[in-house]
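# Structural features, examined
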Amino acid sequence: MALALLTTAPSVEAAGPVPMVERPFVIALDPGHGGSNSGCAAFDGVVREKDVTLVMAQDLQAALQRRMPHVRVVLTRSGDETVTLAERVQRANAVHADLLLSLHANASSSGPQTGFETYVLDVGLAERDAAQVARTGSDAGKPGHAHARSMLRELELSSHRARAAGFARRVQQEQAERFPERMDRGVKQAAFDVLLGARMPAVLFEAGFLDHPEEGARLLDPGQRALVVDGLVEAIVDYYHQHARQR
Ligand SMILES: [Zn+2]
């Protein structure tokens, strides 16, 4: 029947590739800590990191939905619940997120420090992750398959790391523009578990030092926090425009 149709009425559309169903762009926001894991304490000894990260994630989600209603924004936790790092990554993977942003705030163990910084996954750890992928799975016993899977995972990881690094630089730049008087601590590499195993570009943002009397007060001030969130919105909108069409 399809052949008959083609011979009688050849159509460019019928002969072309089947268009893929548009899948929404998904951003996963991970409010660091939660539940029994409070994170660090603020300078006032009262506010905990887990509360600051949740408020920041909720504000960021609302701002993103206003700016890009067609984009789906999911949180890895929506309340004061204990969520393991593996569960956070699983939740982002389960919704096929295109970007994972983990939100944190710092405390210093070595005297007063200030500034904001963004982390991407450490290269060495990324390689270990690829090897781990190779060892697991139904045909893990077959060395050829394991090697191919390891190589594919390595390719995926290097592409994700490149995108994550670009996004991380933009995050820093947007914060630096809004807070020229604060220290730009730059983009760093680390072996954070929450970045490991993510099947999408993933970064971890440290918004500032909660234990510092001035910077901590800034992070607790809704107006100042809105500026932090605004910078993150700009970086994410830019990321969306760069990558939404090439997934
Ligand atoms: Zn933290």
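Residues numbered from 1 in each chain as written. Predicted model: local features only at pLDDT ≥ 70, side-chain atom pairs only at ≥ 80, totals over all residues. Heavy atoms only, no water.

## Some remarks on the packing of helix α7 (residues 213–220) against helix α8 (residues 222–243)
Definition in use: Axes here refer to lines fitted to C-alpha atoms; in helices the fit is confined to the stretch in contact. Angles between the N-to-C directions go from 0 to 180 degrees. Helical segments are the DSSP runs of H or I of at least four residues, strand segments are the runs of E of at least two, and each set is numbered from the N terminus. Relative orientations are named as follows: roughly parallel for angles under 35 degrees, roughly antiparallel for angles over 145 degrees, roughly perpendicular for angles from 65 to 115 degrees, and oblique for any other angle. Should any heavy atoms of two residues lie within 4.5 Å, those residues are counted as being in contact.
Put simply, α7 and α8 touch, their axes get as near as 5 Å, and they point 80 degrees apart. Regarding the angle of α7 to α8, the classification is roughly perpendicular. Across from R218, L219 and L220 in α7, the residues of α8 making contact are P222, Q224 and R225.

## Quick look at the coordination of the zinc ion
The condition is simple: The donor set comprises N, O and S atoms within 2.8 Å of the metal, extended to 3.2 Å for Na, K and Ca; water molecules are omitted, so apparent gaps in a site may simply reflect that omission. Between buried and exposed lies partly exposed: a residue is buried under 20% and exposed over 50% of the maximum accessible area for its type, with that area taken using a 1.4 Å probe on protein chains only.
The protein atoms that coordinate the zinc ion are H33 (NE2), E49 (OE) and H104 (ND1), at distances spanning 2.0 to 2.2 Å. Taken in sequence order, the residues that donate to the zinc ion follow the motif H-x15-E-x54-H. A residue pair is termed long-range when its members are at least 10 positions apart, and H33 in the loop between β1 (26–31) and α3 (49–67) and E49 in helix α3 qualify at 16 residues. A single burial state applies to H33 and to E49, both of which are buried.

## Observations regarding helix α4 (residues 85–94)
The test is simple: Relevant arc is that of directions from the helix axis to the C-beta atoms, nothing else.
Of the positions making up α4, those classed as buried are R88, V89, A92 and N93. Viewed along the axis of α4, the buried residues span an arc of 135 degrees, placing them on a single side of the element. Exposed side of α4, more than 90 degrees from the buried face: Q90 and A94 are the residues found there. For α4, the secondary structure elements touched by its buried residues are β1 and β3 (99–106).

## Some points on the confidence of the model for the chain
For clarity, the cut-off: Scored from 0 to 100, pLDDT records how confident the predictor is in each individual residue.
Summary statistics for the chain give a mean pLDDT of 87 and a share of 85% for residues scoring 70 or more. Across residues 1–13, where pLDDT falls below 50, the model places two contacts with residues more than four positions away in sequence or in other chains.

## Here's the deal with the pairing of strand β4 (residues 116–121)
Convention followed: A pair of strands is considered paired only if DSSP assigns at least 2 bridges between the two.
Among the six residues that make up β4, six are buried, leaving the element largely enclosed by the rest of the structure. As defined by bridge partners, β4 adjoins strand β5 (residues 184–190) across five bridges and the pair is classed as parallel. Opposite T118, over in β5, you have V187 as the bridge partner. Judged from the three bridges that link them, β4 and strand β6 (residues 202–209) form a sheet pairing that is antiparallel.

## Some details on the sheet that holds β3
Spatial ordering of the open sheet is given by β2-β1-β3-β6-β4-β5, a layout of six strands whose pairing is mixed. Looking at which strands have only one partner, the edges of the open sheet turn out to be β2 (72–75) and β5. Going across the sheet, the axis of each strand differs from the next one's by a mean of 20 degrees, ignoring polarity. For β3 and β6, the ladder comprises six bridges, and the chain directions are parallel. Within β6, the residue paired with L101 across the bridge is V203. Sitting on the sheet, α8 touches β1, β3 and β6, and the angle it makes with β3 is about 160 degrees.

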